[in-house]
Amino acid sequence: MYTDLTDKVVIITGAATGIGKAIAKRFASEGSKVVINYFKEEENPEGLVKEIEEAGGTASIIQGDVSKEEDVQGFVRFAHDTYGRLDIYVNNAGIENEVPSENLPIEDWQRVINTNLTGTFLGCREAAKYMLEHGIKGSIINVSSVHEIIPWPHFAHYAASKGGVKLLMESLALEFAPDGIRVNNIAPGAIDTPINAEKFSDPEKKKGVEKLIPLGYIGEPEQVASCAVFLASDQASYVTGTTLIADGGMTKYPGFQAGKG
Ligand code: NAD
């Protein structure tokens, strides 16, 4: 338990599913007031709100597209109107698709960059603006990826977006440090969520991914959520401008395990 998170107000984007959903549940269990953004109507997280409330937590939902400026401004306004403040903003929404780069359509490039990079920029900007205006020493957390470090053929647009989020985070951490606003990334490795459902339903593909993970297994969304509450809490009060990697060791050159290389 991070008792300082009680009554803190947190917005989490793309939080109807996967990692964002686990982050929402974890903040709610810490006593935070949670604003759950969702994107697609079929993902409407009313059930998640009910689950959180039945467990004694507080949550509300707002539909919107992180790549649209007016929607992101609406998320912050909604948090203020509903709970009176904003302390923590988690840029979690993200998308990917596999395309050999010589055939990568401009539409796919723009969709991925607009969601993953521009969406994160808008969330950071609006959260920081609010925190500065209200004198709140808040925390901004971006869910990037191990692909802010590891190149990824056929997913070049995704890797470019997450690499962009790395330097965006580091630049903003430096910019807002004098105001006490901390900005950090979490870089998950392979996590069992809907984004990977198709890949992990194929046992061969799943085994191939597991081989890249020194700890030997695919991570759970809750293992990423525990990084988010840590980074938002006072236990991380001296942590800014850094990426917390939650990848079972994937970024540590598993090809060199057992003396190989
Ligand atoms: P997911 O598909 O379950 O979650 C992504 C969420 O983002 C969905 O709820 C989706 O509706 C939402 N979203 C998509 N476009 C949006 C938009 N324009 N506006 C608002 N919401 C939008 O997958 P996930 O694994 O939970 O992904 C969460 C984040 O974690 C993503 O940023 C992803 O890149 C990152 N990530 C995931 C993994 C993994 O292995 N699962 C690894 C590294 C990074």
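You'll find the structure just up there.
Note that the structure is a prediction, hence the values are computed from the model and not measured. (Residues numbered from 1 in each chain as written. Predicted model: local features only at pLDDT ≥ 70, side-chain atom pairs only at ≥ 80, totals over all residues. Heavy atoms only, no water.)

Caption draft 1: Representation of the overall build of the protein chain. If you tally the helices and strands in the protein chain, you get eight helices and seven strands. Whereas a compact globule of 261 residues would reach a radius of gyration of roughly 18 Å, the protein chain reaches 18 Å, a difference of no more than 12%. With respect to the principal axes defined by its C-alpha atoms, the protein chain has extents near 55 × 40 × 40 Å. Burial statistics for the protein chain: of 261 residues in total, 49% are counted as buried. Relative to all contacts within the protein chain whose residues are 6 or more apart in sequence, the contacts with residues 24 or more apart total 72%. Distance between charge centroids for the protein chain: 4 Å, based on 24 positive and 36 negative side chains. (Helix = DSSP H or I, 4+ residues; strand = E, 2+ residues; numbered from the N terminus. Rg over C-alpha atoms; globule rule 2.2 N^0.38 Å. Buried < 20%, exposed > 50% of the residue type's maximum accessible area, 1.4 Å probe, protein only. Contact = heavy atoms within 4.5 Å. Lys, Arg positive; Asp, Glu negative; His and termini not counted. Charge placed at Lys NZ, Arg CZ, Asp CG, Glu CD.)

Caption draft 2: Spotlight on the layout of surface pockets. Approximately 300 Å³ is the volume found for the second largest pocket. Together, 19 residues line the second largest pocket, and Lys-137, Gly-138, Gly-180, Arg-182 and Asp-234 are the ones closest to its centre. The class makeup of the residues in the lining of the second largest pocket is seven nonpolar, six polar and six charged. (1 Å grid on protein atoms, 1.4 Å probe; cavity = no way out; pocket = protein on both sides within 12 Å on 5 of 7 lines; lining within 4 Å. Points joined across faces, edges and corners; volume = space filled by probe spheres on them. Nonpolar A, V, L, I, M, F, W, Y, C, P; charged D, E, K, R; others polar.)

Caption draft 3: Fine view of the packing of helix H1 (residues 18-29) against helix H8 (residues 221-232). Interhelical geometry of H1 versus H8 gives an angle of 50° and a closest axis separation of 8 Å. As judged from the angle between their axes, H1 and H8 are oblique. For the crossing formed where H1 meets H8, the hand is right-handed. In contact with Gly-18, Ile-19, Ala-22, Ile-23, Arg-26 and Phe-27 of H1, H8 contributes Pro-221, Glu-222, Val-224, Ala-225, Ser-226, Ala-228, Val-229 and Ala-232. Across the contact of H1 with H8, the residue classes break down as ten nonpolar, two polar and two charged. (Axes fitted to C-alpha atoms, helices over the stretch in contact; angles between N-to-C directions. Parallel < 35°, antiparallel > 145°, perpendicular 65-115°, else oblique. Left-handed = near helix turned anticlockwise from the far one by under 90°.)

Caption draft 4: Layout of the site of the ligand. Lining the immediate surroundings of the ligand are 28 residues, of which Thr-17, Glu-43, Asn-92, Tyr-158 and Thr-193 lie closest. Contact distances for the ligand include 3.5 Å between an oxygen atom and a backbone N or O atom of Gly-14. For the ligand, the accessible surface in isolation is 810 Å², of which the surrounding protein chains cover 95%. Secondary structure elements with two or more residues in the shell around the ligand: H1 and helix H5 (156-176). Looking at side-chain class alone, the shell around the ligand contains twelve nonpolar, 13 polar and three charged residues. (Near = heavy atom within 4 Å. Polar contact = N/O pair within 3.5 Å; in protein donor to acceptor, adjacent residues only side chain to side chain. Areas by Shrake-Rupley, 256 points an atom, 1.4 Å probe, with all protein chains shown as cover.)

Caption draft 5: Summary view of the packing of H1 against helix H2 (residues 46-54). At a minimum axis separation of 10 Å, H1 and H2 run at an interaxial angle of 25°. Of the possible angle classes, the one that applies to H1 and H2 is roughly parallel. The crossing of H1 and H2 is right-handed. For the pair H1 and H2, the contacting residues are Lys-21, Ala-24, Lys-25 and Ala-28 in the first and Leu-48, Glu-51 and Ile-52 in the second. The residue inventory of the contact of H1 with H2, partitioned by class, reads four nonpolar, no polar and three charged.

Caption draft 6: Geometry of the sheet that holds strand S5 (residues 139-143). One open sheet holds the seven strands; their spatial order is S3-S2-S1-S4-S5-S6-S7, and the pairing between them is parallel. Of all strands in the sheet, those bounded by a partner on one side alone are strand S3 (58-63) and strand S7 (243-246). Strand-to-strand twist of the sheet, defined as the mean angle between neighbouring strand axes without regard to direction, takes the value 20°. The pairing of strand S1 (residues 9-12) with strand S2 (residues 33-38) spans four bridges and is classified as parallel. (Pairing = 2+ DSSP bridges.)

Caption draft 7: Spatial organisation of the environment of Ser-226. Looking at where Ser-226 falls in the secondary structure, it is placed in helix H8. Sequence separation of Ser-226 and Ala-16 is 210 residues, and the distance between their C-alpha atoms is 17 Å. One polar contact links the side chain of Ser-226 to the main-chain carbonyl oxygen of Gln-223, over a distance of 3.1 Å.

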